[in-house]
Structures are given as C-alpha cells and as structure tokens.
Amino acid sequence: MRNKRVLLLVEIAIFAALGFVLDFVAFKMPQGGSVSLVMIPSVLIAFRRGVIAGMLTGLLVGLLQIVSGLISVAPLSFSFVVMQVILDYLIAYAVVGFAGVMRKQYFGENSKTKMRLITIIVTAVFIGSFLRYIVHVITGIFFFGMYAEEGQNLFIYSSVYNATYMIPVFLLTAVVTSLLFLTAPRLLNPEKS
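Residues numbered from 1 in each chain as written. Predicted model: local features only at pLDDT ≥ 70, side-chain atom pairs only at ≥ 80, totals over all residues. Heavy atoms only, no water.

**Here we look at the pattern of salt bridges**
Right, so step 1: The full count for this structure, using the stated rule, is 2 salt bridges.
Right, so step 2: Across the pair R48 and E11 runs a salt bridge, and its minimum N-O distance is 2.9 Å. Of this pair, R48 sits in helix α2 (residues 40–49) while E11 sits in helix α1 (residues 2–22), placing them 37 residues apart in sequence.
Right, so step 3: The closest approach of N and O atoms between R49 and E11, which form a salt bridge, is 2.9 Å. Placement of the pair is R49 in helix α2 and E11 in helix α1, with a sequence separation of 38 residues.
Right, so step 4: Salt bridges linked by common partners bring E11, R48 and R49 together as one network. (Salt bridge = Lys/Arg side-chain N within 4 Å of Asp/Glu carboxyl O. Helix = DSSP H or I, 4+ residues; strand = E, 2+ residues; numbered from the N terminus.)

Structure representation (structure tokens):
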C-alpha cells in the first residue's frame, strides 16, 4: 500500500514537472496567458489516477510557475497580487484536473469505438479548459480591468481576452490528448506501465 502511494506521488511530481516544461514552448499573450501544452500532463494523470491526482498535478504546475517567477501579475497592492496569483496559477491550473470526471466513461465504454473515445476525451478536456477559463475570467475582471478601454464592460473584456488563448489551448490539448490516448493507451493504465 505504501509503495502505491509513493508511486502516485512520484507520478504527480513527474507530470507536474512535465507540464511546467511544456509551458516554456508557448505563445505568450501581452497581459498574461499563453497558448501551450501545459494542460496535457494534468489531463493525462486525471485519466490515469483520477480527479484528485489531476488537481494536485495542476496545483504543482502553478506552484512551479510561481516559484520560478514565470508569472504575470497586475501592478496592484501586495494583497491583491497574492489573491490574483492564487486564482490565476494555483486554482486555475488545479481545476484542469476535473477532466478526470470522464475517467469512468472512458474506461467503462463497452463499444470502444474511436469516435466515442475521442468524444469522451474532448469532453473531458473541455471541462478542464472551461473551468480554467472561468477562473481566468474572474481574475481578469477583478485584477486586469485597467487594460480595458474606458467605459468597456469588464466582463466582456475579460471573457474575450481570455478566450483568445483558452480556445486555442483547448483545441491543442484536445487534439494532442486524443492522439496520445488512442495511440498509447497503456499510458492511462498505471498497472500496465
């Protein structure tokens, strides 16, 4: 039992480090956010080990970004910066682990047609991406409103700005994870790897 727990923690650490490294290959946005492959390891471990493991992996990815200084913060007071960093990096990356809610459907699928499996994978990635997007929109409203034009609706500004990178992130993650899951299904089964 202890060895399984240690193995799980090691996998979470490895996948978090992989997510951190994949975030270096990115197209960066001017006021924060980027199009990268950062979500793939969180989605992978969420399918491999469940929602909690996916959330811990995302949390560690965000923590690694914070301690390395690779973050975009709004020039506000210290307490606002702390809240913004918690939302934008810790919570936003942690909620990607909710992609694991589709884990049972993926493994329990009897027909196992490729199209059905791809639908489950894309749905899972959409869940994680959408939750992350919601957190970024909230952060944008509260902390990045200064970049909006005067009189512009902050909700619309934040929604549109965050969609400009989250839609490509969703599509990129959905395509890569679908290809990865279908071509290397053993990655998803901790007993066989």
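Structure's up, so let's keep going.
**Some points on the packing of α1 against α2**
Right, so step 1: Interaxial distance between α1 and α2 falls to 9 Å at its minimum, and their mutual angle equals 160°. Classed by the angle they form, the pair α1 and α2 counts as roughly antiparallel. Along this stretch, α1 crosses α2, giving a crossing that reads as right-handed. Between α1 and α2, the residues in contact are L7, L8, E11, I12, F15, L18, G19 and L22 and P41, L44, I45, R48 and R49, respectively. (Axes fitted to C-alpha atoms, helices over the stretch in contact; angles between N-to-C directions. Parallel < 35°, antiparallel > 145°, perpendicular 65-115°, else oblique. Left-handed = near helix turned anticlockwise from the far one by under 90°. Contact = heavy atoms within 4.5 Å.)

**A look at the packing of helix α6 (residues 114–143) against helix α7 (residues 154–183)**
Right, so step 1: At a minimum axis distance of 8 Å, the contact between α6 and α7 shows a crossing angle of 155°. The orientation of α6 with respect to α7, classified from their angle, is roughly antiparallel. Read as a crossing pair, α6 and α7 show a hand that is right-handed.
Right, so step 2: Residues of the contact of α6 with α7, tallied by class, amount to 19 nonpolar, 9 polar and 1 charged. (Nonpolar A, V, L, I, M, F, W, Y, C, P; charged D, E, K, R; others polar.)

**Structural notes on the environment of G58**
Right, so step 1: Looking at the secondary structure, you find G58 in helix α3 (residues 51–68).
Right, so step 2: Taking the C-alpha atoms as reference, G58 lies 9.0 Å from V43; in sequence the two are 15 residues apart.
Right, so step 3: Setting aside its immediate chain neighbours within four residues, G58 contacts S42, Y93 and A94.

**What to know about the confidence of the model for the protein**
Right, so step 1: Overall, the prediction assigns the protein a mean pLDDT of 88, with 90% of residues at 70 or greater.
Right, so step 2: Per-residue pLDDT, averaged within each element of the protein, yields its smallest value for strand β1 (residues 27–28) (78) and its largest for α2 (96). (pLDDT = per-residue confidence, 0-100.)

**Some thoughts on a nonpolar patch on the surface**
Right, so step 1: Residues F78, V82, M83, I86 and I91 make up a contiguous nonpolar surface patch of roughly 440 Å² in combined accessible area.
Right, so step 2: Position of V82 among the secondary structure elements: in helix α4 (residues 78–94).
Right, so step 3: On the basis of relative accessible area, V82 is assigned to the partly exposed category, the value being 32%. (Patch = residues over 30% accessible without salt bridge, like charges linked within 9 Å, V, L, I, M, F, W, Y side chains within 5 Å. Areas by Shrake-Rupley, 256 points an atom, 1.4 Å probe, with all protein chains shown as cover. Buried < 20%, exposed > 50% of the residue type's maximum accessible area, 1.4 Å probe, protein only.)

**Notes on the nonpolar core**
Right, so step 1: In terms of nonpolar packing, the biggest core is built from 38 residues, with V43, F47, Y106 and F181 touching the most fellow members.
Right, so step 2: Mapped by element, the contributors of at least two residues to this core are α1, α2, α3, α4, α6 and α7.
Right, so step 3: Sorting elements by how many residues they give to this core places α7 first, with 9 residues.
Right, so step 4: Once residues within four sequence positions are removed from consideration, F47 is found in contact with A99, M102, R103, Y106, F107, I121, A124, F181 and L188.
Right, so step 5: Among the nonpolar cores identified, the runner-up in size contains 6 residues, and L87, A92, V135 and F143 belong to it. (Core = buried A, V, L, I, M, F, W, Y, C linked by side-chain atoms within 4.5 Å.)

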